[in-house]
Amino acid sequence: MFTGIIQSIGKISAIERKSGDFRLKIDTGKLPLTGTQLGDSIAVNGVCLTAIELGARHFCADVSNETWERTTLSRATVGTPVNLELALTPSTRMGGHIVSGHVDGIGKIIGRKPDARSVRFTVQVPVELAKYIAEKGSICINGISLTVNEVDGATFGVNIVPHTLQETTLDDAVVGSLVNLEVDILARYMERLMHGEAAAQVHGGVTEALLRNSGFI
């Protein structure tokens, strides 16, 4: 588990095809690897990866085809900057929100404009994820815990303060950039719980009938 508070900007230094899937080598920048062990989890642009090799300033991780296809890692090249965060420990400050590192889909930045010293981004999301995003709720973009400012259909807005711009890869994001999205884990479980015991037979998502039966409308 992670908090969505980025600790360092690293970069991908090698991409290797490995028996049908992939292995990445990632330079960790200022991320402290002291105490990190083989098998530990590290979030790379919001993607939870397992360290299978550790150096003083790098680690390697295997990436399955499922992860490769569902995240922006498939668009990465050698030199691509990435946001990094080590997994939670019992003493970690919970400055963001609970982040699993399991990316739900890929969004696209469709707007960027200055707002005093901050920058406001508008992000388009896959239609199937829109129902999980709420005004003033939490969203994880490329591993960064952010508060949703507003929602309009399958788009939402966020405000990025100067510190976050400086300490993450969002400063380089432009209109058209693709980003990894993880919705609030509570929203995902709430949908499942609303089905009750029928969850074992239900294959769809939230419907009007489900909301009515659950007392929401």
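Above this text sits the structure in question.
Every value quoted in this text rests on a predicted model; they were computed, and no experiment measured them.

Trainee: Please explain the pattern of salt bridges as it appears in this structure.
Mentor: Side-chain pairs of opposite charge can arise where the charged atoms are in close proximity. Tallied over the entire structure, the rule returns seven salt bridges. Arg 112 is paired through a salt bridge with Asp 171; the nearest N and O atoms lie 3.8 Å apart. A residue pair is termed long-range when its members are at least 10 positions apart, and Arg 112 in strand β7 (residues 105–115) and Asp 171 in the loop between α2 (162–167) and β12 (178–183) qualify at 59 residues. Of the residues examined, Arg 112 reaches a relative accessible area of 33% and is grouped as partly exposed. In this structure Asp 171 comes out as partly exposed when scored by relative accessible area, which is 41%. Linking Asp 115 and Arg 120 is a salt bridge whose minimum nitrogen-to-oxygen distance equals 3.4 Å. Judged by relative accessible area, Arg 120 falls into the partly exposed class, the value being 24%. Each of Asp 115, Arg 120 and Glu 150 takes part in a single network of salt bridges with overlapping partners.

Trainee: Would you take a moment to explain the sheet that holds strand β1 (residues 8–18) for this structure?
Mentor: Remark on secondary structure: sheet strands pair via backbone hydrogen bonds, oriented parallel or antiparallel. Reading around the circumference, β1-β2-β5-β4-β3-β6 is the order of the six strands in this closed barrel, with antiparallel pairing throughout. Between one strand axis and the next, the sheet turns by 45° as a mean value, whatever way the strands run. The sheet contact formed by strand β2 (residues 21–27) and strand β5 (residues 58–63) spans six bridges and is antiparallel. When the sheet's bridge partners are listed, Arg 23 is paired in β5 with Asp 62.

What counts, and where the lines are drawn
- Residues numbered from 1 in each chain as written.
- Predicted model: local features only at pLDDT ≥ 70, side-chain atom pairs only at ≥ 80, totals over all residues.
- Heavy atoms only, no water.
- Salt bridge = Lys/Arg side-chain N within 4 Å of Asp/Glu carboxyl O.
- Helix = DSSP H or I, 4+ residues; strand = E, 2+ residues; numbered from the N terminus.
- Buried < 20%, exposed > 50% of the residue type's maximum accessible area, 1.4 Å probe, protein only.
- Pairing = 2+ DSSP bridges.
- Axes fitted to C-alpha atoms, helices over the stretch in contact; angles between N-to-C directions.

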